[in-house]
Amino acid sequence: LRHARVVRNLARAHGGRPDVARVLPQPPRDLFAVALENAVEGCVHETFAAARAGHQAMHAEDLEVRAVSAMLAEDESRHADLAAAVHEWACARLPLHEAAAIEEARRAAWARLASHPPAMTPEAIRILGLPNADTHTRLALALAGALMTRAA
């Protein structure tokens, strides 16, 4: 909640009009479905979000963005660490073919992330300290290489 509040306030301070987050009830899912989502959203996207926020904390022109990004980098790192622990736990309990499918989904998520950097204006990159397209791709590939090698 703190994370959402801080980012919402920062967006508003810069003229943004963030939507209200809505959480929809979900039916119970089996371990494979939970592990699959965790591998993609947690192990890949939370890890990349931590790295991107760290980049912003060092490169943003706006000092408030730097401060918020430093806090977000810590939060996202904890989320990524939790996702990695859940991933290890879940894959150890799944049949080998399901664990292999999850690893393939994680590998594919890294590849998609690396090959689809968001389009950003030079002004947004400068003010917000976001990685440009080349840096985005290099960062995603470096993280994927390090983390997928460690998991093998």
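Residues numbered from 1 in each chain as written. Predicted model: local features only at pLDDT ≥ 70, side-chain atom pairs only at ≥ 80, totals over all residues. Heavy atoms only, no water.

A. Expanded view of the overall build of the chain. Scanning the chain for helices and strands turns up six helices and zero strands. Overall, the chain shows an N-to-C arrangement of helices and strands of α-α-α-α-α-α. Taking the principal axes of the C-alpha coordinates as reference, the chain spans close to 50 × 35 × 25 Å. The buried share among the 152 residues of the chain stands at 34%. Taking the intrachain contacts of the chain between residues at least 6 apart in sequence as the baseline, contacts between residues at least 24 apart amount to 74%. (Helix = DSSP H or I, 4+ residues; strand = E, 2+ residues; numbered from the N terminus. Buried < 20%, exposed > 50% of the residue type's maximum accessible area, 1.4 Å probe, protein only. Contact = heavy atoms within 4.5 Å.)

B. Looking closely at helix α4 (residues 96–115). Here α4 contains 20 residues, and its C-alpha end-to-end distance of 29 Å stays within 8% of the 28 Å for a straight helix at 1.5 Å per residue. Turning to α4, its buried residues number three or more, namely Ala99, Ile102, Glu103, Ala105, Arg106, Ala109, Trp110, Leu113 and Ala114. (Expected span 1.5 Å × (residues − 1).)

C. Examining the pattern of salt bridges more closely. For the coordinates displayed, the defined rule picks out five salt bridges. Between arginine 126 and glutamate 61 there is a salt bridge; the shortest N-O distance is 2.9 Å. You can see arginine 126 sitting in helix α5 (residues 122–128) and its partner glutamate 61 sitting in the loop between α2 (31–59) and α3 (63–93), a full 65 residues away along the chain. Since its relative accessible area comes to 41%, arginine 126 is described here as partly exposed. The exposure class assigned to glutamate 61 is partly exposed, which follows from its relative accessible area of 48%. A salt bridge links glutamate 103 to arginine 106, with the nearest nitrogen and oxygen atoms 2.8 Å apart. Taken as a pair, glutamate 103 and arginine 106 lie in helix α4 at a separation of three residues, close to a single helical turn. (Salt bridge = Lys/Arg side-chain N within 4 Å of Asp/Glu carboxyl O.)

D. How the structure looks around the environment of valine 34. Mapped onto the fold, valine 34 is located in helix α2. Accessibility expressed as a relative area gives 34% for valine 34, which makes it partly exposed. In the structure, valine 34 is positioned 56 residues away from alanine 90 in sequence and 8.7 Å away in space, judged by C-alpha atoms.

E. Structural detail: the layout of surface pockets. The computed volume of the second largest pocket comes to approximately 400 Å³. Forming the boundary of the second largest pocket are 18 residues, of which Val7, Leu10, Gln56, Ser69 and Leu72 lie nearest the centre. Elements with a contribution of two residues or more to the lining of the second largest pocket: α1 (2–13), α2, α3 and α5. Take the lining of the second largest pocket: its biggest share by element is five residues, from α3. (1 Å grid on protein atoms, 1.4 Å probe; cavity = no way out; pocket = protein on both sides within 12 Å on 5 of 7 lines; lining within 4 Å. Points joined across faces, edges and corners; volume = space filled by probe spheres on them.)

F. Quick look at α1. Compared with an ideal rise of 1.5 Å per residue, which puts twelve residues at 16 Å, α1 spans 16 Å between its outermost C-alpha atoms and is within 8% of the ideal. Glycine 15 sits one or two residues past α1 and shows a positive phi near 85°.

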